[in-house]
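Architecture at a glance
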Amino acid sequence: MNDDSHSDATSQEGQADTRKRAGAPGRFASGHADDSGRLDRSALGELGDARGGFRGVWLTLRRWFAWANTDNLMLVNPISTGFIGSLLVFIGSLQTNSPFTSKIPGSWYLGVDSSPHPGNLIVELLAQSLVYYGLILTAVAWLRIVIGTRRGEELRHKWLLFGLWVLPLMVAGPLFSRDVYSYAAQGRMVTLGINPYNGGPALLGNSAYRSTVDPIWGMAKAPYGPLFLYLAGGLVELSGHSPLLTVLLLRLVALVSVVVIGVFVVKIADLLGVNRDLAFALSAANPILLYTFASAGHNDALMTALMLIGIYLFLKDRRLAGIIVVALAASVKVPAIVAIGFMGYHWSSSDRVLSKLRGLLIAVGLTFAVFYVLGLATHLGMGWIPALSTPGSVLSFEDPVILVGYAIGWVFAHIGLPFGPHFVVGVFRAIGDAAILLIGGITILGSRRSNIVRLTGVVLVVTVVLGPVIWPWYLGWGIVLLAIGAGDLSVDFLILLTLSAMPIDFLGAPTAFAWIGYAGLVTVLYRRRASLVAEAEEVIFGFRRAVAEVVPDRFQRYIPKVARLDAGA
């Protein structure tokens, strides 16, 4: 690997935090900066320093939950606590009318009656309470290992911990999502010669594969790449065309993918010289990955695993192989193409921007060549590209773009303007997509080879927040990469991101909770603004330098001042 691949053994955000604490300019902090030992210095306590009218409320809450400090949390046994939490979720999900997993006859081996059952209200409430309490225990156990590894504690028996935490979730039916049944149905369509890019599982007619699919996706075209659909078709064949066994195999693929994520997160952390145990705790052991990747069986797990393998190969100077593997990841689900942008830009060893741009174009061209070859080989074609808008057919009010656009459209409609909510949402989605491209482009041009892992994670998070819809498993794309070499800013951000996503997306809590979570995330960013500003300034400077090198001097005056190298002067 080139020397500059090792030059960022500590995160940029950690540098600013250390300068602030030590008062020594230029002194570098480790990727796992020390915590003070109390919860109000961790992500959960960031709100405690908020100024204004909320301070009194926060102080009251702190008195109520005085027990909730890091010292007490460190007394928790994370392996047994997390296992009990998962076990309670499993037991609660067995209830006949549980809302947390599919109860359609034939959807799973356990906890599903062969015919509808009226249920019992008291039993249902008790079962739901077990799920709630289990998730709380899961969160506590996870916080325990994150804070411990953040302090430099070794995460011993990490795979035993992972296995005990995830096992009950895999024995339960797919939790909190029915998407895996759509995958199975799309695989069945492939085996029958029906192209999933031309229509949804409804084309299967009265097939048993269709009966468990969420009706909202019945007519939806598949937005997944040909590699994944071909794999799903192969699993249908392997299962002997059994819908239930197909779902089981798809979940096993997801579980193996999360294991691969854990393995390669540690490998990349070792390669970069950062805290491997903290990276594992924030990624593979993260409840978002355990529940939405492994248990729910989302194909995001496979995409993320392949993306990590490709990034690892690239950092080991097997650059072409790495780019091809990430192209395969994008052939499962397209967001992995973000990593192609960074890897392609740094494919060349030259520091010249034109050489870097040439590498970027070649990498993008190679990726689309992989798409085309796979489309030909699987006889599925490229119809998935137009179908990428399918997830956006749902309005998710946890998405800031959707909520703001819908609210403005509602006001317009009620004051008599000819612009309804759906029209304004469409405009805001287009603006969000343009912002993603702009931010992504600036970040790629301003990146260094040594920070492409973290910046890829940043752009993936931006893609989710400004994209057409937010689902919790989408958050996993960026979580996994930000976990590697996480400093104070990233750790606090990932803790709040995870804990705010769990009640909303797992338990269906009101949308207002999402905005409470956003307020917390903004508070963290404000409190860690020194790190945020330092990294943003570095990226912007790199972007300006790239622009200055590419654009001839005589045209420099036509460039907006914000993009000129002399703008910071």
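Worth saying up front: this structure is predicted, and the values here are computed from it rather than measured.

The rules behind the values
- Residues numbered from 1 in each chain as written.
- Predicted model: local features only at pLDDT ≥ 70, side-chain atom pairs only at ≥ 80, totals over all residues.
- Heavy atoms only, no water.
- Phe/Tyr/Trp six-rings, centres within 6.5 Å; stacked < 30°, edge-to-face > 60°.
- Helix = DSSP H or I, 4+ residues; strand = E, 2+ residues; numbered from the N terminus.
- Buried < 20%, exposed > 50% of the residue type's maximum accessible area, 1.4 Å probe, protein only.
- Axes fitted to C-alpha atoms, helices over the stretch in contact; angles between N-to-C directions.
- Parallel < 35°, antiparallel > 145°, perpendicular 65-115°, else oblique.
- Left-handed = near helix turned anticlockwise from the far one by under 90°.
- Contact = heavy atoms within 4.5 Å.
- Nonpolar A, V, L, I, M, F, W, Y, C, P; charged D, E, K, R; others polar.
- Core = buried A, V, L, I, M, F, W, Y, C linked by side-chain atoms within 4.5 Å.
- Expected span 1.5 Å × (residues − 1).
- Salt bridge = Lys/Arg side-chain N within 4 Å of Asp/Glu carboxyl O.
- pLDDT = per-residue confidence, 0-100.
- Patch = residues over 30% accessible without salt bridge, like charges linked within 9 Å, V, L, I, M, F, W, Y side chains within 5 Å.
- Areas by Shrake-Rupley, 256 points an atom, 1.4 Å probe, with all protein chains shown as cover.
- Polar contact = N/O pair within 3.5 Å; in protein donor to acceptor, adjacent residues only side chain to side chain.

**Quick look at the packing of aromatic side chains**
Summed over the entire model, instances satisfying the criterion amount to 17 aromatic pairs. With a centroid separation of 5.3 Å and 70° between ring planes, the pair formed by Phe368 and Phe371 is classed as edge-to-face. Taken together, the residues span about one helical turn, with Phe368 and Phe371 both in helix H16 (residues 353–378) at a distance of three residues. Using a relative accessible area of 38% as the deciding quantity, one classes Phe368 as partly exposed.

**What to know about the packing of helix H4 (residues 78–93) against helix H5 (residues 121–150)**
Across the interface, H4 lies against H5 with an axial gap of 7 Å and an inter-helix angle of 160°. When the axis of H4 is compared with that of H5, the two are roughly antiparallel. The element H4 and its partner H5 pack so that their crossing is left-handed. Taken together, the residues of H5 that come into contact with H4 (itself represented by Pro78, Thr81, Gly82, Ile84, Gly85, Ser86, Leu88, Val89, Ile91, Gly92 and Ser93) are Ala127, Leu130, Val131, Tyr133, Gly134, Leu135, Leu137, Thr138, Ala141, Arg144 and Ile145. Grouping the constituent residues of the contact of H4 with H5 by class yields 13 nonpolar, eight polar and one charged.

**Looking at the packing of helix H10 (residues 243–272) against helix H13 (residues 300–315)**
Orientation of H10 relative to H13, taken along the N-to-C sense of each, is 25°, at an axis distance of 8 Å. Of the possible angle classes, the one that applies to H10 and H13 is roughly parallel. The chirality of how H10 crosses H13 is left-handed. Contacts between H10 and H13 involve Ala254, Ser257, Val258, Val260, Ile261, Phe264, Val265, Lys267, Ile268, Leu271 and Leu272 from the former and Ala301, Leu302, Thr304, Ala305, Leu308, Ile309, Ile311, Tyr312 and Leu315 from the latter. Its residues assigned to classes, the contact of H10 with H13 shows 17 nonpolar, two polar and one charged.

**What to know about the nonpolar core**
Generally speaking, a soluble globular protein has its nonpolar side chains buried in company with each other. With 138 residues, the main nonpolar core has Trp142, Ile268, Leu282, Leu308, Ile311, Val453 and Ile484 as its most contacted residues. Among the elements that line this core, the one with the most residues is H10, at 15 residues. Every residue in contact with Leu282, bar those within four places of it in the chain, is listed here: Trp142, Val146, Ile479, Ala483, Ala486, Val491 and Leu494.

**Examining H10**
Helix length check: H10 (30 residues) gives 43 Å between terminal C-alpha atoms against 44 Å at 1.5 Å per residue, within 8%. The positive-phi residue at the C-terminal boundary of H10 is Gly273, with phi of around 75°.

**A closer look at the environment of Thr96**
Within the element layout of this structure, Thr96 appears in the loop between H4 and H5. Distance from Thr96 to Asp113, taken between C-alpha atoms, is 7.0 Å for residues 17 residues apart in sequence.

**With respect to the pattern of salt bridges**
Evaluation of the coordinates by the stated rule reveals eleven salt bridges. Note that Arg276 is salt-bridged to Asp270, the shortest N-O span being 2.9 Å. Among the ionic contacts, a cluster of salt bridges with common partners joins Arg150, Asp488, Asp492 and Arg528.

**With respect to the confidence of the model for the chain**
Of the residues in the chain, 84% reach a pLDDT of 70 or more, and the chain-wide mean stands at 84. In this model, residues 1–53 is a region of pLDDT below 50 whose contacts with residues beyond four sequence positions or in other chains number 129 contacts.

**Looking at a nonpolar patch on the surface**
On the surface, a cluster of nonpolar side chains totalling about 740 Å² of accessible area is made up of Trp410, Val411, Ile415, Leu417, Phe419, Phe423, Val427 and Ile431. Of all elements in the fold, only helix H17 (400–414) and helix H18 (421–445) reach the threshold of two or more residues within the nonpolar patch. Among the secondary structure elements, Val427 is positioned in helix H18. Assessed through its relative accessible area of 36%, Val427 is described here as partly exposed.

**Observations concerning the side chain of Asp300**
Among the structural elements, Asp300 can be located in helix H13. A relative accessible area of 0% means that Asp300 is categorised as buried. Engagement of the side chain of Asp300 in a polar contact is seen with the side chain of Lys333, the distance being 2.9 Å. Those residues in contact with Asp300 that lie beyond four places of it in its chain are Tyr183, Phe293, Lys333, Trp473, Tyr474 and Trp477.

**So, the side chain of Arg319**
With respect to the helices and strands, Arg319 occurs in helix H14 (residues 319–330). On the accessibility criterion, Arg319 (9% relative accessible area) is buried. A polar contact is formed between the side chain of Arg319 and the side chain of Ser349, at a distance of 3.1 Å.

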